[in-house]
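Analysis of the macromolecular model
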Amino acid sequence: MMENLAQRVRESVRLADVLALYHLQPNRAGFLHCPFHSGDRSPSLKIYPDQNTWHCFGCGKSGTVIDFVMEMERCSFVDALKKLDADFRLGLSDSRESYRNYRKRLSQRRREEIKRKSKKDALDIKIAHRRALWLKIKSFEVSSHEQAQQAAGMMGQIELLDEQISQYETFQHEQIPRAASMNQQQTKARNSFGTFSEST
């Protein structure tokens, strides 16, 4: 009976609608940042609308709408079915959620959305600040020892921002330069500053 209910949920609920509930939007290629593992700087979770399934090439997780809700809510298979049934008013289960419980769950979801948005906004600010510092460094001309120290200070700020950005799990909607590219750019900058210091 449970498998029949699960099959009806899979047939009735589109993955795109589940993503919309969590304010997740795939790009044109059908990829989005995976919410199930940290450090997903490039979108690695692929949506397959025709099959109504998903797969993350980063952490390896995949499945149906039910599996997606299980991962998002960290709940059991049965609880995921009940949530989908309640969220989309499918009327598949015999038990009906009380209005009080529904309002409580809705309030909790809104709090989580506010918290998620707050984290995303904080991340966007750090990304913008890092980008501004790096653009300033690229156009910075070192002609004195004081300027070399100033440039080194900005590099230190960039490294600190890189560390802070890497601690965020999701909420990235901008492309962040890959770590390898960052390291190459930083090494090149350090070498130029080091050469100046030695020559002075």
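A short tour of the structure in this document, coming up. (Residues numbered from 1 in each chain as written. Predicted model: local features only at pLDDT ≥ 70, side-chain atom pairs only at ≥ 80, totals over all residues. Heavy atoms only, no water.)

1. Concerning the overall build of the protein
- When helices and strands are counted, the protein shows 7 helices and 4 strands.
- Ordered by position from the N terminus, the helices and strands of the protein form the series α-α-β-β-β-β-α-α-α-α-α.
- By residue count, 33% of the 200 residues in the protein fall in the buried class.
- Within the protein, contacts between residues at least 6 apart in sequence are counted, and of these 55% link residues at least 24 apart.
- A total of about 12,700 Å² of accessible surface is found on the protein, and carbon and sulfur atoms cover 50% of it. (Helix = DSSP H or I, 4+ residues; strand = E, 2+ residues; numbered from the N terminus. Buried < 20%, exposed > 50% of the residue type's maximum accessible area, 1.4 Å probe, protein only. Contact = heavy atoms within 4.5 Å. Areas by Shrake-Rupley, 256 points an atom, 1.4 Å probe, with all protein chains shown as cover.)

2. Points about the packing of helix 3 (residues 65-73) against helix 4 (residues 77-87)
- It is at 9 Å that the axes of helix 3 and helix 4 come closest, and there the two elements cross at 105 degrees. What the angle tells us is that helix 3 and helix 4 run roughly perpendicular. Facing V65, I66, V69, M70 and E73 of helix 3, the residues of helix 4 in contact are F77, A80, L81, K83 and L84.
- Tallied by class, residues from the contact of helix 3 with helix 4 come to 8 nonpolar, no polar and 2 charged. (Axes fitted to C-alpha atoms, helices over the stretch in contact; angles between N-to-C directions. Parallel < 35°, antiparallel > 145°, perpendicular 65-115°, else oblique. Nonpolar A, V, L, I, M, F, W, Y, C, P; charged D, E, K, R; others polar.)

3. Describing the side chain of N52
- Within the secondary structure, N52 sits in the loop between strand 2 (45-48) and strand 3 (53-56).
- Residue N52 is classed as buried on the basis of its relative accessible area of 8%.
- One polar contact links the side chain of N52 to the main-chain carbonyl oxygen of R10, over a distance of 3.3 Å.
- Once you skip the residues sitting within four places of it in the chain, N52 turns out to touch R10, V13, R14, L15, T64 and V65. (Polar contact = N/O pair within 3.5 Å; in protein donor to acceptor, adjacent residues only side chain to side chain.)

Taken by themselves, the reported measurements are silent on function.
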